[in-house]
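Overview (structure and organization)
Below, each chain spelled out in residue letters.
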Amino acid sequence: MEIKENGRISAKTMAVLPHKFSDGVYGSYVVGTDDEFYSYLTPKQLMDDICNYYACSLKGRLDGTRKAFGVSRKAPIVVEASSGMFFMPTTSPHSNECAWIAHSYVSKLERLAPKMTRIYFHGGKTLTVNYSQTSLTNQLNRTAQYRHLVMERISNYQL
């Protein structure tokens, strides 16, 4: 699998996971509908990059969630609402262990062990992660509620 120097996540990105390269450098493993690649940027850096692309920052998106939704721990974010780009963090977004999962692609979760879950994505891809099913289910539900709030606010301002 290739390492993309200028890889950017997009509306086709399903998950951004932390990855430790053999030389001790931390980066990301990015799973998309069409491709998968490694990046020397961390998940946090990739999320900040895509937020910057849409004229904000990861910090700004997290602050917006906190103010609009009242959630500060493991807060989901909207990167770009019209493209359906809502992502949920698996741990604190500031942690090196944090992965970001695209809400719109998750089909179901399967518990494999107390802290191991298989994520089934629409389109048939699966991913096994070291996070509990309960935690991921809570994050999915929280992100769905936040998504509903954001989309409702947008629809109130459309002409």
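Look up a bit, the structure's there.
Residues numbered from 1 in each chain as written. Predicted model: local features only at pLDDT ≥ 70, side-chain atom pairs only at ≥ 80, totals over all residues. Heavy atoms only, no water.

What follows is about the packing of aromatic side chains. Summed over the entire model, instances satisfying the criterion amount to 6 aromatic pairs. Pairing F21 with Y38 gives two aromatic rings, centres 6.1 Å apart and planes at 65°, and the pair type is edge-to-face. Of the two residues, F21 sits in the loop between strand 1 (13-20) and strand 2 (26-32) while Y38 sits in strand 3 (residues 36-39), which places them 17 residues apart along the sequence. Note on F21: relative accessible area 10%, which makes it buried. Through successive ring pairs, a cluster of aromatic residues spans F21, Y29, Y38 and Y40. Here the basic side chain of K108 rests over the ring of Y120, its NZ or CZ set 4.8 Å away from the ring centre. (Phe/Tyr/Trp six-rings, centres within 6.5 Å; stacked < 30°, edge-to-face > 60°. Helix = DSSP H or I, 4+ residues; strand = E, 2+ residues; numbered from the N terminus. Buried < 20%, exposed > 50% of the residue type's maximum accessible area, 1.4 Å probe, protein only. Lys NZ or Arg CZ within 6 Å of the ring centre and 35° of its normal.)

The residue V129 is located in strand 9 (residues 126-129) in this model. Residue class for V129 comes out buried when judged on its relative accessible area of 4%. The spacing of V129 and G64 is 65 residues in sequence and 28 Å in space, taken between C-alpha atoms. When neighbours within four sequence positions are excluded, V129 is seen to be in contact with L17, K115, M116, T117, I119 and L136. (Contact = heavy atoms within 4.5 Å.)

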